[in-house]
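A look at the structure
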Amino acid sequence: MEYFEPRSVSEALSVLARHGAEAKIIAGGTDVMVDIKFKEEPGGLVNIKKIPGLNGISENGAGLRIGSLTTIREIETSALVREKLPVLWEAAHQFASLQVRNTATIGGNICRASPSGETLGPLLVLDAKAKLAFGDGEKTVPFTAFFQGPGKCSAGTNGLLIQIEIPYPPAGSKSVYLKHAVRGAMDIAMVGVAVLMTPDSSKNNIQDVRIGLAAVAPTPVRAAKTEALLRGKPLSPSLLREAAVLAASESSPISDQRSSAEYRHWIVEALTRKGLEQTWQAATGKEIA
Amino acid sequence: MSITINTKINGSSVTATADASTSLLEFLRDTLEMKGSKLCCNTGECGACTVIYNGKPINSCVTMAADANGAEITTIEGLANGDKLHPVQQAFIDTGAVQCGYCTPGFIMSVKALLDRTRNPTPQDIEEAISGNICRCTGYNKIVDAIELAAQKL
């Protein structure tokens, strides 16, 4: 197996141009090392951790920039993330175990493109974007268009995710990330639901709502029809029921060792209802009536 | 492809070679013959292989040996001072926090890292610190007792 340790983005891109088809990018290693041992050894490893400038969290106007090599623990312990992007903080806090959070990177969690990736539902509802480097220049891709299937994303085999750009959510909005799993630690979500709700200025209606569903489709997805149904309306008990059922119908889960597709449908419905209730109450200070 | 690794383990400089696909755990156990860190799930889920890497607890089974290059690593072998056990090790003995013992080195490294971060851990800090370590004898209460005792003694 060949091994590369590029010291710059351009060096990494030239390695990927030559070896991207058979080599794998590795950062924290918490996924790739398991693949090496239990699946197939790739033709090569491109260790990107020595590339300077891909680390860290910084404020950029009305949002945060997070370098792709930033660890999940760095996100979890960032006061900026906790204050400004609580839905991302929640996902980082629930992520695997302390040991894994200390090494796993957000770029790895994203480029793994697992339907159940812990940070992906939150990134979808935050309208975050991926900044990718290619041989012919940089591209910025919203996460709603980034995931192409399990393990497949816009970076392809010759691109490198260098940064995540996350605009601050609208003023007055509230968000929640709900994960359904058996254990508290080290468990992969059977279903993950992220909700970000913005009430109108009267706090009587939903001005905007974004719902991200994880582990229930080939990629993490936004429940666009459910969002459209809710927009501009007050959250009544009947609308809440209707929205939760619609969100479940927008999911297309599979059955696997963690749960059946039928069960996942029920959980999408239940978590969507809970997420909408919680964000409505937090954002408007009102009960659902 | 073989790579040369220059690292510092338990305060001593070490130079050795390893294949690029080698994990840090395999490097410690098989190349350096340091068998204290345990191989168990080999997927980063059980914590038996926990070592302290640049001050942070990590699963050495899913870390590349190549990443040891330039790093400072503490393993269970580095805790005792001659015949005198580290207070965390002694606390595990004094409270009977060891049953089969296989998970113990990993737990002790997680606890060492916790007490390096804070000398007064809250119950939440303790829960977080050992949430990535699994004891299948399920003797967690004694382990929590050991952590509290070690925190007092340090």
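Calculation rules
- Residues numbered from 1 in each chain as written.
- Chains lettered and ligands numbered in written order.
- Predicted model: local features only at pLDDT ≥ 70, side-chain atom pairs only at ≥ 80, totals over all residues.
- Heavy atoms only, no water.
- Helix = DSSP H or I, 4+ residues; strand = E, 2+ residues; numbered from the N terminus.
- Rg over C-alpha atoms; globule rule 2.2 N^0.38 Å.
- Buried < 20%, exposed > 50% of the residue type's maximum accessible area, 1.4 Å probe, protein only.
- Areas by Shrake-Rupley, 256 points an atom, 1.4 Å probe, with all protein chains shown as cover.
- Lys, Arg positive; Asp, Glu negative; His and termini not counted.
- Charge placed at Lys NZ, Arg CZ, Asp CG, Glu CD.
- Contact = heavy atoms within 4.5 Å.
- Buried area = accessible area lost by both parts, 1.4 Å probe.
- Polar contact = N/O pair within 3.5 Å; in protein donor to acceptor, adjacent residues only side chain to side chain.
- Nonpolar A, V, L, I, M, F, W, Y, C, P; charged D, E, K, R; others polar.
- Phe/Tyr/Trp six-rings, centres within 6.5 Å; stacked < 30°, edge-to-face > 60°.
- Lys NZ or Arg CZ within 6 Å of the ring centre and 35° of its normal.
- Domains from an automatic or database assignment.
- Salt bridge = Lys/Arg side-chain N within 4 Å of Asp/Glu carboxyl O.
- Core = buried A, V, L, I, M, F, W, Y, C linked by side-chain atoms within 4.5 Å.
- Pairing = 2+ DSSP bridges.
- Axes fitted to C-alpha atoms, helices over the stretch in contact; angles between N-to-C directions.

Here's the deal with the overall build of chain A
In terms of regular secondary structure, chain A is built from 11 helices and 14 strands. Relative to its length of 289 residues, chain A is compact, with a C-alpha radius of gyration of 19 Å against a globular reference of 19 Å. Overall, chain A is about 60 × 45 × 35 Å in size when its C-alpha atoms are taken along their principal axes. For chain A, the residues scored as buried account for 55% of the 289 residues in total. Working note: accessible area of chain A is about 11700 Å², and carbon and sulfur atoms make up 51% of it. Across chain A, the mean location of the 32 positive side-chain charges is 2 Å away from that of the 29 negative side-chain charges.

Here we look at the interface of chain A and chain B
At the interface, 31 residues of chain A touch 33 residues of chain B. Together, the buried faces of chain A and chain B total about 2400 Å²; carbon and sulfur atoms form 56% of this surface. Per-residue buried area on chain A facing chain B is highest for Tyr-3, Lys-37 and Gln-99 of chain A; these three make up 27% of the total on that side. Linking chain A to chain B there are 11 residue pairs in polar contact (both at pLDDT 80 or more). At the level of secondary structure, the elements contributing two or more residues to the side of chain A that touches chain B comprise strand S1 (2–4), helix H2 (32–38), strand S3 (44–47), helix H3 (72–76) and helix H6 (98–103) of chain A. Of the residues forming the side of chain A that touches chain B, the biggest block, 6 residues, is contributed by H6 of chain A. Of the residues assigned to the side of chain A that touches chain B, the class counts are 13 nonpolar, 9 polar and 9 charged.

Examining the packing of aromatic side chains
Residue and element names in this part refer to chain A. For the structure on display, the rule yields 4 aromatic pairs over all chains. Centroid distance Phe-146 to Phe-147: 5.0 Å. Interplanar angle 85°. Geometry classified as edge-to-face. Grouped by ring-pair contacts, the aromatic residues Phe-143, Phe-146 and Phe-147 constitute a single cluster. Against the face of Tyr-168 rests Lys-84, its NZ or CZ located 4.9 Å from the ring centre.

Here we look at unusual backbone geometry
Positioned with a positive phi, Asp-127 of chain A is a non-glycine residue whose angle comes to about 55°. As for its position among the elements, Asp-127 of chain A is in the loop between helix H8 (120–125) and strand S6 (129–134). Of note, Thr-138 of chain B is a non-glycine position whose phi angle comes to about 60°, a positive value. Relative to the helices and strands, Thr-138 of chain B resides in the loop between helix H4 (123–130) and helix H5 (140–153). Residue Thr-138 of chain B is classed as exposed on the basis of its relative accessible area, which comes to 51%.

Points about the domain arrangement of chain A
Residues and elements named next belong to chain A. On domain assignment, one finds that chain A holds domain 1 (2–46 + 55–167) and domain 2 (174–284). The centre of domain 1, based on its C-alpha atoms, is set 24 Å off from the matching centre of domain 2. Regarding the contact of domain 1 and domain 2, the summed buried area is about 1800 Å², with carbon and sulfur atoms giving 64% of it. Linking domain 1 with domain 2 are 3 salt bridges, by the criterion used here. A salt bridge links Arg-222 to Asp-127; the nearest nitrogen and oxygen atoms lie 3.0 Å apart. Linking domain 1 with domain 2 are 8 residue pairs in polar contact (both at pLDDT 80 or more), by the criterion used here.

Topic: the nonpolar core
All names here are of chain A. Judged by nonpolar contacts, the single largest core of 41 residues is most densely connected at Leu-88, Ile-110, Leu-123, Phe-143, Phe-146, Ile-164 and Ile-166. Sorting the residues of this core by element identifies strand S5 (63–67), H3, helix H5 (86–93), helix H7 (106–111), H8, S6, strand S10 (160–167) and strand S12 (191–199) as the ones contributing at least two each. For this core, the leading source of residues is H5, giving 5 residues. When residues of this core are assigned to domains, at least three fall in each of domain 1 (2–46 + 55–167) and domain 2 (174–284). For Ile-110, the residues in contact, after removing those within four places along its chain, are Thr-119, Leu-120, Leu-123, Phe-143, Phe-146, Phe-147, Leu-161 and Ile-164. Within the second largest apolar cluster, 27 residues are counted, among which are Val-191, Val-193, Ile-211 and Ala-243.

As for the side chain of His-19 of chain A
Note on placement: His-19 of chain A falls in helix H1 (residues 9–19). Apart from the residues within four sequence positions on either side, His-19 of chain A is in contact with Glu-2 and Phe-4 of chain A.

Digging into the sheet that holds S3 of chain A
Across a sheet, strands are paired by hydrogen bonds formed along the backbone, either parallel or antiparallel in direction. Residues and elements named next belong to chain A. Pairing is parallel across the open sheet formed by 3 strands, whose spatial order is S1-S3-S2. Of all strands in the sheet, those with a lone pairing partner are S1 and strand S2 (23–26), marking the two edges. Averaged over all neighbouring strand pairs, the angle between strand axes comes to 20°, with direction disregarded. Strand direction decides the pairing type here: S2 and S3, joined by 4 bridges, are parallel. Its bridge partner being in S3, Ile-25 is matched across the sheet by Val-46. Contacting S1, S2 and S3, H1 runs over the sheet at an angle of about 160° to S1.

Here's the deal with the pairing of strand S1 (residues 2–9) of chain B
Residue and element names in this part refer to chain B. Only one face of S1 is buried: it carries Ile-3, Ile-5, Thr-7 and Ile-9, and the other face, with Ser-2, Thr-4, Asn-6 and Lys-8, is open. Direction of pairing for S1 relative to strand S2 (residues 12–19): antiparallel, over a ladder of 8 bridges. Each bridged residue has a counterpart across the sheet, and for Ile-3 the counterpart in S2 is Ala-18. Counting the residues in the hairpin turn of S1 and S2 gives 2 residues, including Asn-10, whose phi is positive at 50°. One ladder, built from 2 bridges, connects S1 with strand S5 (residues 72–74); its direction is parallel. Among the inter-strand pairings, Lys-8 is bridged to a residue of S5, identified as Glu-72.

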